[in-house]
Every structure is written in structure tokens, then in C-alpha cells.
Amino acid sequence: MKFIQFYFFVVFFCSSFWINAQSDSITVLDEVLLTDTRLKGFSTGQNIQTLVDTTLQKNGALLTDALNFNTPVYFKENGLGMVSSPSFRGTSASQTAVLWNGININSQFNGQIDFNTINTGGYDNISVRGGGGSVVYGSGAIGGSIHLNTHLGFEDKTRNTVFLQYGSYNTLDARYKLKTSGEKWSLSLALARNSSDNDYELPGERGKNQNGNFYNTGLDLGLAYRLDSKNILKLYAEIFDGERHFSLIRSSETRTKYQDFNSRNLLEWQNKSGKFTSTTRLAYLDENYRYYDNIENDDYSLGNAKSFIAKYDLAVELEENLELGTVLTNTYTDGEGSGLAGETRNIFSAAVLMKHRPWEKLQYELGFRKEATNSYESPFLYSLSGSYDFSEVYTLKFNASKNFRIPTYNDLYWNDAGNPDLRPEFSRQFEISQDLSFNNFSASLTGYFIDIEDMIRWLPASSGNWEPINEDEVHSYGAEVFLNYGLKLRKHHFKLNGTYAYTVSEDAETGNQLIYVPFHKATGSFDYSFKNWSANWQGLFTGEVFTRSDNNSRYNLEKYWVNNFSVAYQFKKWFKLGGRLRNLFDKEYMSVENRWMPGRNYSIFLNLNF
Amino acid sequence: MKKISRLLTFGLMGCFLFNSCSNDDDITDDNTPDPQGDYSDGVIVLNEGSFGDDNSSISYISHDYSTIEPDIFFSVNDESLGDTGQSITFDDEFAYIVMNVSNIIQIVDRYTFELVGSIESGLQSPRYAVIENGKMYVTNQNSSTDPDDDFIAIINLETLEVEKTIESTPLEYIQEEDGLIYVQNAAFGNGNEISVIDSNSDEIINTIETNEELNSFEIEDGILYALSVSSLEKIDLTSGDVIEEIEIETGDASDASNLRLEDDMIYYTVGSSVYVMNENAEEAPEEALFSYSSDSRWGAMYAFEVEDDRIFIGDAGEFSANGFVQVYNLSGELLEEFETGIGPNSVYVQD
């Protein structure tokens, strides 16, 4: 009953907007079109760090490597290329949302994204947005959200980019991109392939990394067509096909492998009529995995989830400095797999947004969201942000929000164990940032506090089976620092970037720091170019982590510094050749107990632009 | 410099003192040709560690509880034991440590825990082992996705090679009695049979049926004691008849587990409670001998042993930190408690 009332309320609310929308005059659309317009438009109190493709090429093809070396997000990686899960601001792996062109793609089965199943070569830029974002981005945006974006412009140009890198362990990283557009249409095509024998030498007398080979291929397509000055149609499609053998600690272990096959499709219609911009999206996501628990056999366990998403986003500029918006989303999922009988679920959500700039220097935002579904009880979410420019140099920002992570298919429906009475995990969080920027220098300092309740934890139940319950409470707090500096002295160009994160994430009951959350993490990069020469240094520092929930330090993983270095020469305007040294000082390190990472290794790379 | 030399002197003195003390001890006690080694007597606890992390370990506790060592395999051999230690089988000289995820059996001198060899092929998710006729019989659960592929590997202890396998599903505990190998065809609350293998022919010669959800079994004086989820059967091994069947009230919370026979008494556990009755008893006891409180519902009573007038229980907590072992006397009074490694799953008493 409640559900129906709520539905009517929302439909009424948005249709009244829609009727108004018809009567307005015409304006010209922006040239640069991010699919995810909300990312820029509705992040007033928060920091967004964007990695463009030239930065992405400085790291391995997989998303873990790109983010680990450039952002404050910490990764727990079971050896290079293996299972990788993030901890963003001390939160769990399912508390970071990943969005593909504005669509939430976290797994329906476990609520996470394995960051080694995303090839960065498929995207034009990747944005990292710290802090809560569930009002706009839905489940999992607690620690933050990662946005994989394809850019479609109408520049009337054609550009081909080829990046080829080959190195140690027979590792191939090939990325091809085609961007072509007219005044009315735009096409973006990206093809990325990454493969490796991954048989690096392990420290001591352990021999080589065994059964760690992997490959993946990603194809990304974007197509835009401008129907008239008010309407644009866009289509995005992605296919990812990957197989990883899971590496062994001892050669006698049973060899296993894991296959991912995901396809994502999004059709978008944007209409801009005067003060109204409406965006209608239809998406179809197909998520598949197969796990072979012994590669000698053909037996595997599997999961398949198909999601149909309809999203309607309406923004209205009431006045020059006041914008209202509403986002309606319906997600229907049909999932099945080993241990899961076929289950469907439908989630409807409505969000209302407001952005106001009463004075030139002050801006604030309000957002609310509520879901309706038969699968679980969903909390009312909110977000309140503000920013004030004290001067051109100094800005103060804040955000307070309530966010959630919904129970997954495994949580709700796992055979004899899923708990249909689960509630979503939810967080109340607050952050405050100061931005400083002058000349070529910018810096930002953020402090945050997150209280996460009703965390879902799998515990053994009376039946002897494991059962998930809403039990844990976690308090995270900490600070993030970003530094950027650029300098140009005649033909010498310098660029310096740094991040630092201090993270405390405590189990509220025991007061212990969560395992695999380092107190300290820092990254740095330095770019230098002179005439046709360019050089890049990257550094990653990860502090000591606990591996035991009682914080017994005897079993801690040591802190580590890892450095990469590369040099390149631009032979022609369209042709660049370079070499890269990774783990320059041959540091022996691991981010998961007994899962060593590679020592010093080499690659050469080639860049073609035409 | 001064400090260092002082430390050295102190250290040297300590050595002399320590050595002379132990020499004295040796002289007074040196009448029995006892096996030599740091771990020749005391209590051995196998800690399985966390699955997939290769952090299994062995804790040692001396009989007088004065010495506790957290990871003797590592401290003796300077290498890690492996992934998910499942059980240890002893013969006169060696201890065979069955590593479930590593698919290895580590062979150590049972008194020093020095690594002398290992069996690294032919095993797939090995669980338990017994030794008879110069051969070791190991139950293997094989693939987790296929419940019907379990097998027994028969290993020649001279060559350490698997010589034969016998398919039999599902599989768990294995015991030897009078030259016959008894294998429990029941695991994780599924199964109701015990297969009997002749250790000369290495063929299954008999199958004994029990109640459903067989948990564990023991053999003594020609009688098989089979503990199922809520009953205990006594089966005459000569005639195959069920002599006695005792109902066990467990409540909804837990199953009866961990059958042990010791000094004419029958011990078993339900949840975090220990029950005891006489071998001739016709009814199960209503009252527990003792209970302990555990925060862990899955890892409670993760290890259980009765030996030398003592009862040992192990608790694994949430498997994300070290567990503990408690020692009780036969009246159920707590004597000692020790921290172990992650997931203590079995206790062995050296004598």
C-alpha cells in the first residue's frame, strides 16, 4: 500500500514538471557532453579527481593499477591481476560504487566490482568522487564512487590513437581508440587487450608465480546523433571478456580459473527545451561469471544476472542560479547461478535534487532519495552540500549525507542461507574540504567521518549454515590531501601530483582497526619534459596493515614503497617510443598475506596518433 | 660498545647457567631412553589458518603448561606449514600433517618437528589419514562442485607415491582396527555409511549402514560406535547387528558431534557443551558435563579431544584472529586456557 502511494506521489511530481517543460523556448546544447551530467553538476561539496587517458597509459591496463598509483583508494590485490577489492576511506569492497557512463555496474551477486576485471583502455577518462553519493548513484556510494566515462563530442574531426606496450612476463597491453565526428554525429570506438603469462619470480626460494596467467579484451562503442538543436540520441555499448587463472602459493595446490563475460548497453535520449533538460536512459546489463575449481575438469560454478534499467532525469533551471531536478530509476534484475535459484527483483527509486547559488560565492545543494521494492526495506536518503569561495584562492566545502548499500543476490537468496529479512547497510557521513589554488598550484584537504550501521555480515546460523545478518557497525574517519603543481620554464615542463590518505576505520564494538585498511597511503608522480623528451616517475606508499581482526601486530603486512619510472621520445608528431621500469628498486612486497607482487620489470611502449 | 659487551657477557652467562641446569636434569632423569626432541611430550594443536592464505600453524603446549610456542613448524624449519592443515597422523617416528588446500602431506620427525619430506602429488583436498601395512590411506574430497568424486589415496610410505586410489563418496574420517580400514562415507551432514577396506587387498570388503547424517565414529572391542546428528548406535562388527541405539536430544541449535571413547567412557559435544556417559549406558545424559561460552557460532568446539584425564576444546572465533584452546579435567573444571593460531581444529597429546 505504502509502495503504491509513494509511486503515485512520484509520478505526479515529475509529470507536473514535464507539463511545464513543454512550454519553454529553445537553447543550444553544449558541445562537450558527458553522459553523466550529474557528476559535474551535483558534486558541490565533494572532490572529484579525474584521470585522463594519457595518465591511464602510465599504468597497467587494469583499473587497480591506475587507481592505486594515482588516488587515495587502497587496494587489496591477491597478486598482480588477481582478485582485487578496494577500500575507499576505510569502507568495505561493496561500499564503493562503480558507474559506467552514469549506470551503476556493481555486481548483483556480491555488490562489488573486482577492479582487475575492468580494462581502463576502454574509457576516455575515469573520475574518482570521494564520499557519499547514493542519492544520485544508488547502492554502494559510501566510501566514494568511480566513474568510467566515454566522451562523445561534435568536433568534426577524426583521430586514431594506438598505444602498444610489451614487457616482462610476456605482458601485452594494447589499446586502440577511434574518435570521429561531424556536426551532427559522433562515434567513439575503443578496443583494449591485456594479456600476461604473469609468471614473475617470487622472492626467496619460492620460484615463479604459477598459474597466474590472464587475458582480457574490452570493446567499447559510443555513438551520438543530433536529431535537431533540442534532441540528441546516444548509444553506448561495452563487451568485456576475460579469463584469469588464479595464482598458487604452492605448486601442489589445485589450479583454478575464473571467467568474466559482461556486456553493457545504454541508450540515451537527451532533450533540452529552454530551461528543461530531460534525459531518458534505457540500459541492459548482462553479468556472467564462471569459476572452475579445478582446471583439469570441465565443472564450473556460475552466475548470470540480467538487469534492465530505465532512468528518467529531468533538470529545470528555474532561475539563472536555481536548478531543480528529479531522477527516477527502475531497475529490474533477473539473476540465477550456482547456489541461487532464479530470482527476480524490481527496485524503483526517486530522487529530488536542488542546486542554488544565492550569491556568486555561495552555492548549496539538496538531494533526497527513496526506493520502493518488495525485496527489502529501504531507508530515506539525503544529501546536503555547500561551498563558499572566500576568495579566488580559497574555497571551503562541506557535505553531509545518508547513503546505503543494498543487500545483494547472495545475501538475500543464497540457497538455504540467504536472509530475505535483510535491510540495506546505511551510513551517515560528513566531510569538510578546503581548496587552495593559485598560479599553477592547487591543494585540497578533506576531513571526513562515516558511521556505517547494519553492515551485513555472514555468520553461522542455528541450522549450521552461514547466514547474513545486519550486525556490524563501523566508524571511519580520516583525511585526504591532494596536491598539484605545474611549471613551465622555457622548454622545460614540470608537473607534480600527490595524494595522501590517513584512514582510521574501526569496528565499533571492539574498537579495532579493520583488517586490510592502512592508516597511511600516499601516491606521487612527477612529469618532466624537454623538447621531444619526456620522463615520468610514480611512487606508491602503503602503510602497514593488520591481517587479524584482533589487531595482533605479529601478523601485520609490512609497509612498502614502490616506484615506477619511464622515459619516452617523440620522434614525429604522430610517433612516440618509450621504455618503462616498474618497481624500480625491486621491492619485495605484498598487499595480501602470502601473495607476492612482481619485482623489477620492464616494458617498451609505442604511441601512435593519426 | 660498553652496553653491547655487557649484554654479551650476560648472554654467555645465561647460556652456561641454562646448559648446566639442563645437564643436571638429564643426569637425574636419564634412565629411560625417551625419544629426544623439543616436542617429544606435550600437547600439539593444529591450527588450520584462514582458507587460501597459507597461514596454517602448529602450537605446542608442554604438559605442565609452562611452555607455549605458537608456530613450531615455522620456528624449526623456517618455512610455512601450508594452507589449511586438516589433521595430523602419527606413527612411531613421524607426524604426517595433512594440508587440505595445499594438497600436501608434510612429514616431520614427530619429536623435533623437523621436516623430513612431503607428499605433493596425487592428493586433492585431502582430509584424514591412517597408516597400516606400510601404507597410508588418505581420504580426499576432491572438487567442491562435484560431491561424487571423493577418493581414498593409498600411499606407499617407502616411495611416498600414491599407488592406488579407491573411489568412495562422500568421505571424511578414517580409522584402522585389526588390519581393516574403516572409512566414514559421510561429510557435512550428508551420508550414512562406513566402508571397510582390507589393507592386504586394498578393496572395499564391506559397507556398514548407520543412521542418516553420520558425524563421527569410534571402534573398541569389536564394537563400532557411530554418532549421527541425534543418535548414537553401537554396532557389533562381527554380526553387523545394531546392539543399542541411544537417542540424543540436541535441541534445534546444534548437532551431536565429536565422538570420543576414553577409559570406558563415551564423550561427545553438542554446540559448546560436552557430554559424557558410560560405555554401557542405555540413555544419553540430560545434563552436560560442562559448557563454555563462545562468541563464535561456527568455530565453537572446533577442536575436541579427551586424553590423559584431560579434555581439550578449541575455539576458532571468527577465523579472522587467533583462536584458543581450553583444558578441563574429567569433572569439567577449567584448568588452563591458551591462545593458539587461527582456527585450532585438532589436539594431539604426545606421550
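Now for a quick tour of the structure. (Residues numbered from 1 in each chain as written. Chains lettered and ligands numbered in written order. Predicted model: local features only at pLDDT ≥ 70, side-chain atom pairs only at ≥ 80, totals over all residues. Heavy atoms only, no water.)

1. A closer look at the interface of chain A and chain B
- Each side of the interface is counted separately: chain A has 27 residues, and chain B has 31 residues.
- For the pair chain A and chain B, the summed buried surface comes to about 2,300 Å²; carbon and sulfur atoms form 39% of the total.
- Between the two partners, chain A and chain B, sit two salt bridges.
- The closest approach of N and O atoms between Arg250(A) and Asp54(B), which form a salt bridge, is 3.0 Å.
- Where chain A touches chain B, the interface holds 13 residue pairs in polar contact (both at pLDDT 80 or more).
- The set of elements that each furnish at least two residues to the side of chain A that touches chain B consists of β22 (441-460) and β23 (466-489) of chain A.
- Top element by residues in the side of chain A that touches chain B is β22(A). It accounts for three residues.
- Its residues assigned to classes, the side of chain A that touches chain B comprises six nonpolar, 11 polar and 10 charged. (Contact = heavy atoms within 4.5 Å. Buried area = accessible area lost by both parts, 1.4 Å probe. Salt bridge = Lys/Arg side-chain N within 4 Å of Asp/Glu carboxyl O. Polar contact = N/O pair within 3.5 Å; in protein donor to acceptor, adjacent residues only side chain to side chain. Helix = DSSP H or I, 4+ residues; strand = E, 2+ residues; numbered from the N terminus. Nonpolar A, V, L, I, M, F, W, Y, C, P; charged D, E, K, R; others polar.)

2. Brief notes about the pairing of strand β19 (residues 381-389) of chain A
Residues and elements named next belong to chain A.
- In this structure, strand β18 (residues 362-373) lies alongside β19, joined through eight bridges in antiparallel fashion. In the strand pairing of β19, Leu 362 is matched with Tyr 388.
- In terms of strand pairing, β19 meets strand β20 (residues 394-405) through eight bridges, oriented antiparallel. Paired with Ser 387 across the two strands is Lys 397, which belongs to β20. (Pairing = 2+ DSSP bridges.)

3. Considerations on the pattern of salt bridges
Residue and element names in this part refer to chain A.
- Within this structure, the stated rule accounts for 31 salt bridges over all chains.
- With a shortest N-O distance of 2.9 Å, Arg 244 and Asp 114 are connected by a salt bridge. Taken as a pair, Arg 244 in strand β12 (residues 231-246) and Asp 114 in the loop between β5 (103-104) and β6 (125-130) lie far apart in primary sequence, 130 residues in all. Across the pair, Asp 114 and Arg 244 agree in class, each one buried. (Buried < 20%, exposed > 50% of the residue type's maximum accessible area, 1.4 Å probe, protein only.)

4. Some words on the sheet that holds strand β13 (residues 180-187) of chain B
Residues and elements named next belong to chain B.
- Read across the sheet, four strands follow the order β12-β13-β14-β15 without closing on themselves; strand pairing throughout is antiparallel. Edge strands, defined here as strands with exactly one partner in the open sheet, are β12 (174-177) and β15 (203-209). Adjacent strand axes in the sheet meet at a mean angle of 25 degrees, parallel and antiparallel pairs treated alike.
- Pairing between β13 and strand β14 (residues 190-198): seven bridges, direction antiparallel. (Axes fitted to C-alpha atoms, helices over the stretch in contact; angles between N-to-C directions.)

5. Examining the nonpolar core
Residues and elements named next belong to chain A.
- In this structure, Leu 63, Leu 67, Ile 105, Phe 115, Ile 126, Ile 146 and Leu 148 are the most contacted members of the largest nonpolar core, which totals 29 residues.
- No other element matches helix α4 (residues 63-70), which puts three residues into this core.
- Look past the residues within four positions of Phe 115 in its chain and what remains in contact with it is Leu 62, Leu 63, Thr 64, Leu 67, Phe 75, Ser 84, Pro 86, Thr 96, Val 98 and Ile 146.
- Of all hydrophobic cores here, the second largest spans 17 residues; its members include Ala 97, Ala 141, Ala 351 and Phe 426. (Core = buried A, V, L, I, M, F, W, Y, C linked by side-chain atoms within 4.5 Å.)

6. What to know about unusual backbone geometry
- Look at the link from Thr169(B) to Pro170(B): it is a cis peptide, with omega at -20 degrees.
- In this structure, Pro170(B) sits in the loop between β11 (161-167) and β12.
- With a phi angle near 60 degrees, Tyr169(A) is a residue other than glycine that sits in the positive phi range.
- Given a relative accessible area of 17%, Tyr169(A) falls into the buried group.

7. Considerations on the side chain of Gln106(B)
- Tracing the backbone shows Gln106(B) in strand β6 (residues 104-109).
- At a separation of 2.8 Å, a polar atom in the side chain of Gln106(B) contacts the main-chain carbonyl oxygen of Leu81(B).
- Not counting residues up to four positions away in its chain, the partners in contact with Gln106(B) are Arg250(A), Phe73(B), Ser80(B), Leu81(B), Ala95(B), Tyr96(B), Ile97(B), Met99(B), Leu115(B), Gly117(B) and Ser118(B).

8. Thoughts on the side chain of Thr84(B)
- On the secondary structure map, Thr84(B) appears in the loop between α2 (72-77) and β4 (85-90).
- Sequence-distant contacts of Thr84(B), that is, excluding residues within four places in its chain, are made with Glu48(B), Phe51(B), Gly52(B), Ser56(B), Val98(B), Met99(B), Asn100(B) and Val101(B).

9. Quick notes on α4(A)
- Of all eight residues in α4(A), eight are buried; the element is thus mostly enclosed.
- Burial in α4(A) covers these residues: Leu63(A), Thr64(A), Asp65(A), Ala66(A), Leu67(A), Asn68(A), Phe69(A) and Asn70(A).

10. A short note on the packing of aromatic side chains
All names here are of chain A.
- Enumeration according to the criterion identifies 38 aromatic pairs over all chains in this entry.
- Where Phe 109 meets Tyr 289, the ring centres are 5.7 Å apart and the plane angle is 85 degrees; that geometry is what we call edge-to-face. One end of the pair, Phe 109, is in the loop between β5 and β6; the other, Tyr 289, is in strand β14 (residues 276-292), and 180 residues separate them in sequence. For the pair Phe 109 and Tyr 289, one class covers both residues: buried.
- Here the aromatic rings of Phe 390 and Tyr 394 are separated by 5.6 Å at their centres, their planes lie at 45 degrees, and the arrangement is tilted.
- Since its relative accessible area comes to 45%, Phe 390 is described here as partly exposed.
- Site record: aromatic cluster; members linked through ring pairs are Phe 109, Phe 246, Tyr 258, Tyr 289, Tyr 291, Tyr 409 and Tyr 413.
- Above the ring of Tyr 516, the side-chain terminus of Lys 76 is found at 4.8 Å from the ring centroid. (Phe/Tyr/Trp six-rings, centres within 6.5 Å; stacked < 30°, edge-to-face > 60°. Lys NZ or Arg CZ within 6 Å of the ring centre and 35° of its normal.)

It is worth stressing that arrangement in space is one thing and function is another; only the former is reported here.
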